[in-house]
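# Coordinate analysis (summary)
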Amino acid sequence: MMPRRVSGPYAKTGCVNSLLALIVRAGRLLWCSIGLLISLPTLAGIQVLTVQGTIGPASADYLVRGIDKANAAHARLVVIELDTPGGLDTSMRDIIKAILASDTPVATYVSPPGARAASAGTYILYASHVAAMAPATNLGAATPVELMPAGAPGKPPDKQAEKSAPPLPDAKTNKAVNDAAAYIRGLAELRGRNAAWAERAVREAKSLSAEAALQERVIDVIAIDLADLLKQLHGRKVAMGKADITLSLAELAVTRVEQDWRTRLLAVIGEPSVAYILLLLGIYGLIYEFMSPGMLLPGVVGGICLLLALFALQLMPVNYVGLALLILGITMMVAEAFLPSFGTLGMGGIVAFVLGSVMLIDTDLPDYGVSLVLIAPLAGVSALFSFAIGALALRARQRPVLTGDESLAGSEGETLDNIAPGESGGWARIQGETWRVQSQVPLVRGTKIRVVMRHGLTLAVEPINPQKEGNDV
């Protein structure tokens, strides 16, 4: 029996329904594909961040954002490959806060062989869920560097020094050491590591090699490379808050998170000396733009430099008294060029400028701050520039007036008609304009004259060569 063929409006309705069903299936397939692409970063599982060099605003920003992105991508593990001599306390604490708040386990790995995790690196290592080191690496020396003068704790006592009875540490030193010791002890107790040695690393600047650190229960793992580290961590239990999780790292892709443009930019302008130069360029540019409106270039360059400097300084330990002194010094040196202070403002500006520059970065960390080698020439150039402008302004004041009413006295011109002495006067062309003039002596047309003074709209004039202009009109 042949199937019955449907025709008419019912056949059209069936075709439309089939087409709609096909569109719905295609849409579902498209959404599934998009979801798969979005979920690809989560399949990476392991994300690796690399920090080499001083811990500062750039490295802190890079690690904090890297950990946040790993949490958002639901990564299985974050590995921080670390090689640092230490760094800023504020940047270190920002990194540790991000590690402690992370939903993803963080393993800090001191690598490659020959690397170190000194000072701030030791704190970061203690704060991590997993502490690992490569062979031939070391950690420790976590005493705040500004608190380690010659003869600090950890140095064998000298007999001569014992006889001289060195002064006891002051309250500021004790306060800083106790604060650092309590901080690293808290991290050690949180992760179940050797708290006693951690405190000695702060109070006595102790250091350990990788093998000794493993024996002292300072670290958890010694791994030759990243692959060896992941192999040893697979199946390991890690404390995450109140619960323990087991790391399952087999066959997971490893993604290295490179530094983006923001981190690279901050690494350049995050240097205190670079930020300091940008700040000066910004302030000078805006000051001279306000004093000479319409130049545009100083204002544009100054605005860009000032914003870049503020972007860098907001991540640094800035002393705002130093910043205020710096701005005050620049303002006083610029004002020296416009006010008759006979050098008082200029000298005061130089002193304020130097003091503000030295106080700008509030840290005693060696090699982190504005160098005196940079401050001295910039202060000299600023002072020289200020006094040079002042000298030019003084010279300009001594020049004769070239515009306005005052410039008419002494101007020369030529009479346009015969002028009889008296109040009636006549007309003359002076500075390209026609003026009503009066003279005490008769003048013929075309006589060269000089302006003596102005009375309203009438000029008093005299002949340039009186002996030749004595004819009566």
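These numbers come from a predicted model, not from an experiment.

If you tally the helices and strands in the protein, you get 15 helices and 16 strands. The buried share among the 473 residues of the protein stands at 40%. Across the protein, contacts joining residues at least 24 apart in sequence account for 65% of those joining residues at least 6 apart. As presented, the protein carries roughly 26,900 Å² of accessible surface, and 62% of it is formed by carbon and sulfur atoms.

Here we take up the sheet that holds strand β14 (residues 433–439). In spatial order, the strands read β12-β13-β14-β16-β15; together these 5 strands close into a barrel with mixed pairing. In this sheet, neighbouring strand axes are inclined to one another by 55 degrees on average, regardless of whether the strands run parallel or antiparallel. In the sheet, β14 pairs with strand β16 (residues 458–463) via 4 bridges, with the strands oriented parallel. Each bridged residue has a counterpart across the sheet, and for valine 437 the counterpart in β16 is leucine 459.

Moving on, we get to the confidence of the model for the protein. Summary statistics for the protein give a mean pLDDT of 80 and a share of 77% for residues scoring 70 or more. When the criterion is pLDDT under 50, residues 146–168 qualifies, and its contacts beyond four places in sequence or with other chains add up to 11 contacts. Counting interchain partners and residues more than four positions distant, the pLDDT-below-50 stretch residues 469–473 has 10 contacts.

Here the focus is the pairing of strand β13 (residues 426–430). Look at any regular strand and the pattern is simple: side chains alternate between the two faces of the sheet. What you see with β13 is a clean split: Gly426, Ala428 and Ile430 sit on the buried side and Trp427 and Arg429 on the side with no burial. Relative to β13, strand β12 (residues 412–415) is paired through 3 bridges, and the arrangement is antiparallel. By the bridge assignment, glycine 413 is partnered in β13 with isoleucine 430. The pairing of β13 with β14 spans 5 bridges and is classified as antiparallel. Each residue of the ladder has a partner; that of glycine 426, found in β14, is valine 437. Connecting β13 to the next strand, β14, in antiparallel fashion are 2 residues, including glutamine 431 with a positive phi near 55 degrees.

Working definition: two side chains of opposite charge can pair if their charged atoms are close together. Tallied over the entire structure, the rule returns 13 salt bridges. Arginine 185 is paired through a salt bridge with glutamate 199; the nearest N and O atoms lie 2.8 Å apart. Separated by 14 residues along the polypeptide, arginine 185 in helix α6 (residues 171–191) and glutamate 199 in helix α7 (residues 195–203) bring together distant segments of the chain. Across the salt bridge formed by glutamate 199 and arginine 203, the nearest N and O atoms sit 2.9 Å from each other. Of this pair, glutamate 199 and arginine 203 both sit in helix α7, 4 residues apart, which is roughly one turn of that helix. Bridged by salt links that share partners, the residues Asp61, Arg65, Asp260 and Arg262 form one connected network.

Our focus in this paragraph is the packing of helix α2 (residues 57–72) against helix α10 (residues 261–269). For the pair α2 and α10, the least separation of the axes is 8 Å and the interaxial angle reads 160 degrees. The orientation of α2 relative to α10 falls into the category roughly antiparallel. Where α2 crosses over α10, the two elements pack in a sense that is right-handed. Note on element contacts: α10 touches α2 through Arg262, Thr263, Leu266 and Ala267, opposite Pro57, Ala58, Asp61, Tyr62 and Arg65.

The subject of this paragraph is the environment of glutamate 462. Within the secondary structure, glutamate 462 sits in strand β16. When the C-alpha positions of glutamate 462 and serine 439 are compared, they lie 5.9 Å apart, and in sequence the two are 23 residues distant. Those residues in contact with glutamate 462 that sit more than four places away from it in its chain are Ile449, Arg450 and Val452.

This part takes up the pairing of strand β10 (residues 243–246). Relative to β10, strand β9 (residues 237–240) runs antiparallel, the two sharing 4 bridges. Among the inter-strand pairings, alanine 239 is bridged to a residue of β10, identified as aspartate 244. Taken together, β9 and the strand that follows it, β10, pair antiparallel across an intervening segment of 2 residues, in which glycine 241 is found at a positive phi of about 70 degrees.

All right, on to the nonpolar core then. With 46 residues, the main nonpolar core has Tyr123, Tyr126, Met133, Leu139 and Val218 as its most contacted residues. In terms of residues, this core owes the most to one element, helix α4 (residues 120–127), which gives 6 residues. Apart from the residues within four sequence positions on either side, tyrosine 126 is in contact with Ile184, Leu187, Ala188, Arg191, Arg193, Asn194, Trp197, Ala198 and Val218. Among the nonpolar cores identified, the runner-up in size contains 33 residues, and Leu278, Val334, Leu360 and Val370 belong to it.

Okay, the environment of methionine 333 next. Within the secondary structure, methionine 333 sits in helix α13 (residues 320–335). Classification of methionine 333 as buried rests on a relative accessible area of 2%. Sequence separation between methionine 333 and phenylalanine 353 is 20 residues; the distance between their C-alpha atoms is 9.0 Å. Sequence-distant contacts of methionine 333, defined by excluding residues within four places in its chain, comprise Tyr284, Leu345, Gly346, Gly349, Ile350, Phe353, Ser382, Ala383 and Ser386.

Our focus in this paragraph is the environment of glutamine 52. Considering the arrangement of structural elements, one finds glutamine 52 in strand β1 (residues 46–52). A relative accessible area of 60% means that glutamine 52 is categorised as exposed. In this structure, the C-alpha to C-alpha distance between glutamine 52 and glutamate 81, residues 29 residues apart in sequence, is 8.2 Å. Ignoring sequence-local partners within four residues, the contact set of glutamine 52 consists of Asp83 and Pro112.

Ordered in space as β4-β6-β7, the 3 strands form an open sheet in which the pairing is mixed. Both edges of this open sheet fall to β4 (116–118) and β7 (207–209), since each of them pairs with a single strand only. Averaged over neighbouring strand pairs, the angle between their axes works out to 15 degrees when direction is ignored. The sheet contact formed by β4 and strand β6 (residues 138–140) spans 3 bridges and is parallel. For arginine 116, the partnering residue across the bridge sits in β6 and is asparagine 138. Where α4 meets the sheet, its contacts fall on β4 and β6, and the angle it forms with β4 comes to roughly 100 degrees.

Calculation notes
- Residues numbered from 1 in each chain as written.
- Predicted model: local features only at pLDDT ≥ 70, side-chain atom pairs only at ≥ 80, totals over all residues.
- Heavy atoms only, no water.
- Helix = DSSP H or I, 4+ residues; strand = E, 2+ residues; numbered from the N terminus.
- Buried < 20%, exposed > 50% of the residue type's maximum accessible area, 1.4 Å probe, protein only.
- Contact = heavy atoms within 4.5 Å.
- Areas by Shrake-Rupley, 256 points an atom, 1.4 Å probe, with all protein chains shown as cover.
- Pairing = 2+ DSSP bridges.
- Axes fitted to C-alpha atoms, helices over the stretch in contact; angles between N-to-C directions.
- pLDDT = per-residue confidence, 0-100.
- Salt bridge = Lys/Arg side-chain N within 4 Å of Asp/Glu carboxyl O.
- Parallel < 35°, antiparallel > 145°, perpendicular 65-115°, else oblique.
- Left-handed = near helix turned anticlockwise from the far one by under 90°.
- Core = buried A, V, L, I, M, F, W, Y, C linked by side-chain atoms within 4.5 Å.

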